[in-house]
Structure formats: structure tokens, C-alpha cells
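Secondary and tertiary structure notes
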Amino acid sequence: MIDNIQFDTVRNDIRVPGRYIEFNTRTAVRGLPANPQKMLLIAPMLPEGKQPALTPVQLFSDADAATLFGHGSWAYHCVKQAFVNNPYLDLTIIGVNDVGQSTAATASVSVVFANSLNNSGILTITIGGIDCQITVSSNDDTLNIIDRMVDIINSANTLAVAEADGYTIKLTARNSGSIGNEIALLASFSAENVSLADVSLDIKPFQGGYGDQDIGPALEQVAGKHYHIICNAFTDSLNARKLSDHIDLVSNAIEKRGCIGVMGWRGTLSTGTAFAKDINSGRITIAWYKNAMEGNAIIAAGYAAVIAGETDPARPLNTLEIKGLRKTTDANWPLFAEFNSALYNGLTPLQIVNNRVQIMRAVSTYVKNATGTDDPALLDITTIRTLDYVRDAVNQRIALRFPREKLSERTPLKVRSEILDVLYQCENAEILEAVLENKDKLIVQRNPNDPNRLDAVIPADVVNGLHVLAARVDLYL
């Protein structure tokens, strides 16, 4: 039996002779939806920034970041890092002000040159991965050297400001709060034929930063918008929980705005796994780069931008480079056991290959279910990204095909046919697999209690990543 043809604008009660032809666009889209990634970054700004705090702004380059958020702010450096890794990024930033009662982290470098120094060299102070350098001659006065270095630091837009105090350079984080304690500090002097006795460099690392900003108000500002990736500059437990709760809310079956959260970790394996364990979310991923020169926020910004550059939700992120991160010393490179433990405990390890910092395997922090049982269901971050995409594809198809559909006995079959077509196309795109084998598990039926509702069960066998190859070599003589 042929279904009655439905019209949107041609009425059924027309008696005037004529030809009445309307356009139907519901069937125009037959493929899968595109998957452009929108990224949201939440990071500390400085008072001199022109952009009002807690006000989202969309950027397509880092050209205006310093003016909007303040030279040397975490927001400024995170924006730069994001666009280094993804020049075509669709990025929205929300700057947050420092907490009123917070304190700024401080550090210092004391510099003393022996009178016998008879070679020119280069003095380098590295603040959060940014090198500040001056040339030192044998007849230079040490106090003059200190003053020149302070000027270089303050003009370099680093995360800290400097002032001279005798033979000591005092450093104060531009943004207050515990985030300042993450700023790594190094100092060195390089020259030929200069012994350690000729130069004294006493380094006191950044510490004493207290008070964490609250990302809750920033998340409230964008609660109704869809961002595929939210990058959180802060790595305290309270803000991590607020991020996780927000993402769970906007990604649920009602809101349907699937999203993942991204953070960074430069600390030890033990502290990182403890942090990830407290989060335990299939939608949160943390990049671990042991003893990195850059702060957690900078690591996260680069990692998030790389994820945003991969529009195929099922394709693994293995070997993708995170640019803008300095190579750590060989002594800081994790061993196999540390890498494996990280992947079992919700951390995404970054490794150095051919002098480039690369993603080893991108995983979520979800390792245990509600009963405390080990659960690998959402191990790879690609799994939840794939499920989000499949849901979006099905949602788009149904919205296009059935915007004003009547619910009769024929409707479930028509809806099921459209969903099945989406699943087959996902299989062709290597996003899902075994669609034919799972075809009988696709159920679309009328709800027994609500006459205006259809219920559906959609099987989704996601395509997994090729992460491990095990082989045996048989020797024949």
C-alpha cells in the first residue's frame, strides 16, 4: 500500500484549477553530518585585559590575545599555545579574574660572577618554558647584569614580573593563586673555559601561590552553547569536579551537547593518577608530561587544540605532536612501567619521539564503574567522541526527515529505516562496525504509556584503535 503524500503548504481543500508545487528539503541530506570541533578555553586573565571577565569571546588567531587578556597572563599564553597546534581552531575564551584573597607565587635567582671571569658568555633564565637571555662580558658589573636581565624578563611577556634586589632577581607570578606554583624556573650560564666556581646561580622555585579561581561562573555563561572540547587551565579538585559536572549535564540525553574536558599534568605519576582517580569520568582526559617546563594550563591548551584538529571521532590520536612544549631531560622520561601504569589509571602520557612531544595514547580518566569495579568501556577518549557523533548523526537525520510526522503503526518502520541507514553510513566511514550483525538489535517501537512517543534501542559497535600488535618470531635453522 502506498502512503499518502504529505504536503506542507499545498492544502487538501483546493478546488481552483492549477498546478501547485512545493519544495521539500527534508530528504536533501542523505549523508553524515560534518564534525567541526568548537573549543572553549577557561584561563586566568589580568586586570589590564580589555575583555570583560566571564565574557566569552571568539578568536581565530592569537593576534589580540595580549590586549584582551593581558600581556603575560595564562589566558594569553594558552591562546598562543592553542593556535600553534591548530591554526584553524574555532576557539572561544573566557577569562577569569584572580581571587580577591589569593596570593601570588614568588621565586628568585641569585647571580654572582667571580672577579676572575675572563670569557664572555650567555646568561639564560627560563620562566615557564620562555628563555630570557643576555650576553655577559668579562668586564660587566654584576649589578648591571642583574638590571639588564630584569628588563629582558619584564619585556618578554613571561608569566612573571621581575625586580632587582642586589645580586638577586625576584620574580612574582603575574596571576595570583596556586596556578603560579606550576611555573618552572631554570637558570644557566654558558661560555667556554668557565668553571662552576666562576659563576654562582642560586635558584629558588616558584612557591607560595594560594587561592584558586572558580570556573563555575564561567561555565554558567556558556551553559546553553555547544562546545565539543572545554580546556580547563586549573588542576585543583574543586574546579575539576565542576568541569565534570557541567560536561555531564550538557552531554546527557536531554541536552545532547556532547563534550569532553581537557586538562594537563606536569607532576609525578603518583600525584597525577590520584588526581585522575578522583575525577573518574569518561569525558575528561588529562595529558601527562612529566616535569615539563610549561605549566599544566599550557600542556592542556596544546593537547585540546590537537584533539580539535581531528574531526574523525574514531581515529586514534597516537603519535600526534603537541607543539610548543620543550623537550624534557632524559632523566625525566618515564619508563615502560610508568607509561603502562598511567594508561591503567586515567592519564594520557606524552612521550618524546625524534625530539618531538607526542601523544602516546589518549585515554579518559574513567577506570572504575559505580561499584568500584574496573571498567574499560570508556578507556579511549575516542569511544565517547564516537558515541557523541553517532547520536548527533541520528538526531540530525530524524529531525530532518520527521519534523511534523504523525505517529501511526507505519511510523516505527520508517524511523527504523532512517536510523539503520545512518548506521550503515557510519560503518562505511569506519566509525561503527558489525552493523549488519547487530541489525536485529535495532528496535524502534511505540511507547506503551505515551501515545505520542517512540522508543528506540540503537546498537553501536564502535571502531577501536589499533594500539597493540603482539607477534611471535619463529626461528628456523
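Up top you'll find the structure we're talking about.
Residues numbered from 1 in each chain as written. Predicted model: local features only at pLDDT ≥ 70, side-chain atom pairs only at ≥ 80, totals over all residues. Heavy atoms only, no water.

**Some words on the sheet that holds strand S4 (residues 106-113)**
- Ordered by their spatial adjacency, four strands build an open sheet running S7-S8-S4-S10, and the pairing between neighbours is antiparallel. Because the sheet does not close on itself, it has two edges, and the strands there are strand S7 (160-165) and strand S10 (199-207). In this sheet, adjacent strand axes meet at a mean angle of 15 degrees when their direction is disregarded.
- Across six bridges, S7 lies against strand S8 (residues 168-173) in antiparallel orientation. Residue pairing for S8: Glu 163 is matched across the bridge by Lys 170.
- Set on the sheet, helix H3 (residues 142-155) makes contact with S4, S7 and S8; between it and S7 the angle comes to about 165 degrees. (Pairing = 2+ DSSP bridges. Helix = DSSP H or I, 4+ residues; strand = E, 2+ residues; numbered from the N terminus. Axes fitted to C-alpha atoms, helices over the stretch in contact; angles between N-to-C directions. Contact = heavy atoms within 4.5 Å.)

**A few points about helix H2 (residues 74-85)**
- Over its twelve residues, H2 extends 17 Å from the first C-alpha to the last, a length consistent with the 16 Å expected when each residue adds 1.5 Å.
- Of all the positions in H2, only Trp 74, Ala 75, Tyr 76, His 77, Cys 78, Val 79, Gln 81, Ala 82, Phe 83 and Asn 85 are classed as buried.
- Where H2 is buried, its residues contact strand S1 (38-44), strand S2 (57-59), helix H1 (65-69), strand S3 (90-96), strand S6 (130-136) and helix H7 (296-308). (Expected span 1.5 Å × (residues − 1). Buried < 20%, exposed > 50% of the residue type's maximum accessible area, 1.4 Å probe, protein only.)

**Structural notes on the layout of surface pockets**
- Space inside the largest pocket adds up to approximately 800 Å³.
- Every residue lining the largest pocket is counted, 24 residues in all, and those nearest its centre are Val 394, Asn 395, Ile 398, Leu 454 and Ala 456.
- Of all elements in the fold, only helix H9 (381-401), helix H10 (411-428) and strand S17 (454-457) reach the threshold of two or more residues within the lining of the largest pocket.
- A total of seven residues in the lining of the largest pocket trace back to one element, the largest contributor, which is H9.
- Tallied by class, the residues present in the lining of the largest pocket amount to 16 nonpolar, three polar and five charged. (1 Å grid on protein atoms, 1.4 Å probe; cavity = no way out; pocket = protein on both sides within 12 Å on 5 of 7 lines; lining within 4 Å. Points joined across faces, edges and corners; volume = space filled by probe spheres on them. Nonpolar A, V, L, I, M, F, W, Y, C, P; charged D, E, K, R; others polar.)

**Points about the pairing of strand S11 (residues 229-232)**
- Here S11 shows two buried faces, one formed by Ile 229 and Cys 231 and the other by Ile 230 and Asn 232.
- Taken together, the four bridges between S1 and S11 define a ladder with parallel strand orientation. Bridge pairing in S11 places Leu 41 opposite Cys 231.
- Taken together, the three bridges between S11 and strand S12 (residues 260-265) define a ladder with parallel strand orientation. Each bridged residue has a counterpart across the sheet, and for Cys 231 the counterpart in S12 is Val 262.
- In this fold, S11 hands off to helix H5 (residues 237-250), which returns the chain to S12; that crossover is right-handed. (Right-handed = clockwise from strand over helix to strand, strands pointing away.)

**Things to note about the packing of H5 against helix H6 (residues 269-279)**
- In contact at an axis separation of 10 Å, H5 and H6 are set at 40 degrees when each is read in the N-to-C sense. In terms of their interaxial angle, H5 and H6 are classed as oblique. Crossing geometry of H5 relative to H6 is assigned as right-handed. In this structure, H5 uses Ser 237, Ala 240 and Arg 241 to contact H6, whose residues at the interface are Phe 275, Asp 278 and Ile 279.
- In the contact of H5 with H6, the residues fall into three nonpolar, one polar and two charged. (Parallel < 35°, antiparallel > 145°, perpendicular 65-115°, else oblique. Left-handed = near helix turned anticlockwise from the far one by under 90°.)

**Quick look at the packing of aromatic side chains**
- The final tally for this structure, using the stated rule, is one aromatic pair.
- Where Trp 265 meets Phe 275, the ring centres are 5.0 Å apart and the plane angle is 20 degrees; that geometry is what we call stacked. Taken together, the residues Trp 265 in strand S12 and Phe 275 in helix H6 connect sequence positions ten residues apart.
- For Phe 275, a relative accessible area of 6% corresponds to the buried category. (Phe/Tyr/Trp six-rings, centres within 6.5 Å; stacked < 30°, edge-to-face > 60°.)

**Considerations on the environment of Asp 440**
- The residue Asp 440 is located in the loop between H10 and strand S16 (443-446) in this model.
- Note: C-alpha distance between Asp 440 and Pro 459 (19 residues apart in sequence) is 9.2 Å.

**A closer look at the environment of Glu 182**
- Positionally, Glu 182 belongs in the loop between S8 and strand S9 (185-190).
- What makes Glu 182 buried here is its relative accessible area of 11%.
- The residues touching Glu 182, leaving out its near neighbours within four places in the chain, are Trp 74, Thr 235, Arg 266, Gly 295, Asn 296 and Ala 297.

**Concerning the pattern of salt bridges**
- Applying the stated criterion across every chain yields a total of 23 salt bridges.
- Two residues, Asp 421 and Arg 397, come together in a salt bridge whose shortest N-O distance is 2.8 Å. Remark: Arg 397 occurs in helix H9 and Asp 421 occurs in helix H10; sequence separation between them is 24 residues.
- On the basis of relative accessibility, which here comes to 32%, the residue Asp 421 falls in the partly exposed class.
- One continuous salt-bridge network, built from bridges that share partners, spans Arg 397, Arg 401, Glu 418 and Asp 421. (Salt bridge = Lys/Arg side-chain N within 4 Å of Asp/Glu carboxyl O.)

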